[in-house]
Amino acid sequence: GYRDLCYRGVQYGSKHAEFERLAALPLRASLPFQIAVRPDAFPRSLIDDMRQGGWRISDAARLSDLDAYQQFIACSGAEICVAKGAYVHSHSGWLSDRSGHYLASGKPVLAQATGFEEVLPVGEGLIPFEGIDGAIAGAQAIASDYPKHCRAARDFAEKHLAAPRVMAGLIKKACA
């Protein structure tokens, strides 16, 4: 990670500030949300606020091996991908590799907008959001037609994340 910094008047923060904005998401969306986090990763006050907002908090240490990680994804309904403030404000196009794991598993991803939504197809399976109201709308859209979003998630992974497609493009660019 990195510390928050301010450059030319723009605050480039960590995930803490982004999660602060989403602390009440489970209650406001009337849907369950869980986060696996190292106990020392977030300030205690933020963890408390998230618990009060309805988040289920679990210890990320229990996901330290591949089987546990795969089981966590398999038992999840979807992923919420909260980006570091620097990725959001810089509009870098960042999307988590963990989001790819969820998509490949046929699990929808509700991802904080960072610019990826301008170059990737979104709206089914991969839903970008801005702010808590956008996250609520995205989560409710996924819940309203969950099977459709699961199929779209897997289709997205096959079309955009499959190794033959990705590697062919990388090799072509590297050899150019």
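The preceding data block contains the structure.
Residues numbered from 1 in each chain as written. Predicted model: local features only at pLDDT ≥ 70, side-chain atom pairs only at ≥ 80, totals over all residues. Heavy atoms only, no water.

### Observations regarding the sheet that holds strand S5 (residues 79-81)
Here is step 1: The three strands are arranged S5-S6-S7 in an open sheet whose pairing can be described as parallel. The strands lining the two open edges of the sheet, one partner per strand, are S5 and strand S7 (126-129). When the angles between neighbouring strand axes are averaged without regard to direction, this sheet yields 20°.
Here is step 2: Pairing analysis gives three bridges linking S5 to strand S6 (residues 109-112), with the strands arranged parallel. Residue pairing in the sheet places Cys81 in a bridge with Ala111 of S6. (Pairing = 2+ DSSP bridges. Helix = DSSP H or I, 4+ residues; strand = E, 2+ residues; numbered from the N terminus. Axes fitted to C-alpha atoms, helices over the stretch in contact; angles between N-to-C directions.)

### A closer look at the state of the cysteines
Here is step 1: Counted according to the given criterion, the structure contains zero disulfides.
Here is step 2: Cysteine Cys150 shares no disulfide, and the gap to the nearest cysteine sulfur, in Cys75, comes to 14 Å.
Here is step 3: For Cys150, a relative accessible area of 15% corresponds to the buried category. (Disulfide = S-S within 2.5 Å. Buried < 20%, exposed > 50% of the residue type's maximum accessible area, 1.4 Å probe, protein only.)

### Re the environment of Gly9
Here is step 1: Relative to the assigned elements, Gly9 resides in the loop between strand S1 (5-7) and strand S2 (10-12).
Here is step 2: Sequence-wise, Gly9 and Ala168 are 159 residues apart; in three dimensions their C-alpha atoms are separated by 41 Å.

### With respect to the packing of aromatic side chains
Here is step 1: Per the counting criterion, the structure on display carries four aromatic pairs.
Here is step 2: Geometrically, the ring pair formed by Phe19 and Trp55 is edge-to-face, given 5.8 Å between the ring centres and 75° between the ring planes. With Phe19 in helix H1 (residues 15-21) and Trp55 in the loop between helix H3 (44-52) and strand S4 (56-59), the pair connects residues that are 36 residues apart, well separated along the chain. Comparing Phe19 with Trp55, the two get one shared label, buried.
Here is step 3: For the ring pair Phe33 and Trp55, a centre distance of 5.4 Å and an interplane angle of 55° mean the geometry is tilted. Taken as a pair, Phe33 in the loop between helix H2 (25-29) and strand S3 (34-37) and Trp55 in the loop between H3 and S4 lie far apart in primary sequence, 22 residues in all. With respect to class, Phe33 is no different from Trp55; both count as buried. (Phe/Tyr/Trp six-rings, centres within 6.5 Å; stacked < 30°, edge-to-face > 60°.)

### Some thoughts on helix H4 (residues 66-75)
Here is step 1: Along H4, the residues that are buried comprise Ala68, Phe72 and Ile73. Looking straight down H4, one finds that the buried residues subtend no more than 135° of arc, so they occupy a single side. Facing away from the buried surface of H4 by more than 90 degrees, the exposed residues are Leu66 and Asp67.
Here is step 2: Looking at the buried positions of H4, the neighbouring elements they touch are S3, S4 and helix H6 (97-104).
Here is step 3: You can read the cap of H4 off the contacts: a side-chain oxygen lies 3.1 Å from the backbone nitrogen of Asp67, and it is on Asp65. (Arc of directions from axis to C-beta. Contact = heavy atoms within 4.5 Å. Polar contact = N/O pair within 3.5 Å; in protein donor to acceptor, adjacent residues only side chain to side chain.)

### Re the packing of H4 against H6
Working note: a packed helix pair is described by the angle between its axes plus the distance between those axes.
Here is step 1: Running from amino to carboxyl end, H4 crosses H6 at an angle of 65°, the nearest separation of the two axes being 10 Å. Between H4 and H6 the crossing geometry is right-handed. Across from Tyr69, Phe72 and Ile73 in H4, the residues of H6 making contact are Arg98, His101 and Tyr102.
Here is step 2: Residues of the contact of H4 with H6, tallied by class, amount to four nonpolar, one polar and one charged. (Left-handed = near helix turned anticlockwise from the far one by under 90°. Nonpolar A, V, L, I, M, F, W, Y, C, P; charged D, E, K, R; others polar.)

### A few points about the nonpolar core
Here is step 1: Residues Phe19, Leu25, Phe42, Met50, Trp55 and Ile80 are the most contacted members of the largest nonpolar core, which totals 23 residues.
Here is step 2: Where this core is concerned, the elements lending two or more residues are H2, S3, H3, S7 and helix H7 (131-144).
Here is step 3: With five residues, H7 is the largest single contributor of residues to this core. (Core = buried A, V, L, I, M, F, W, Y, C linked by side-chain atoms within 4.5 Å.)

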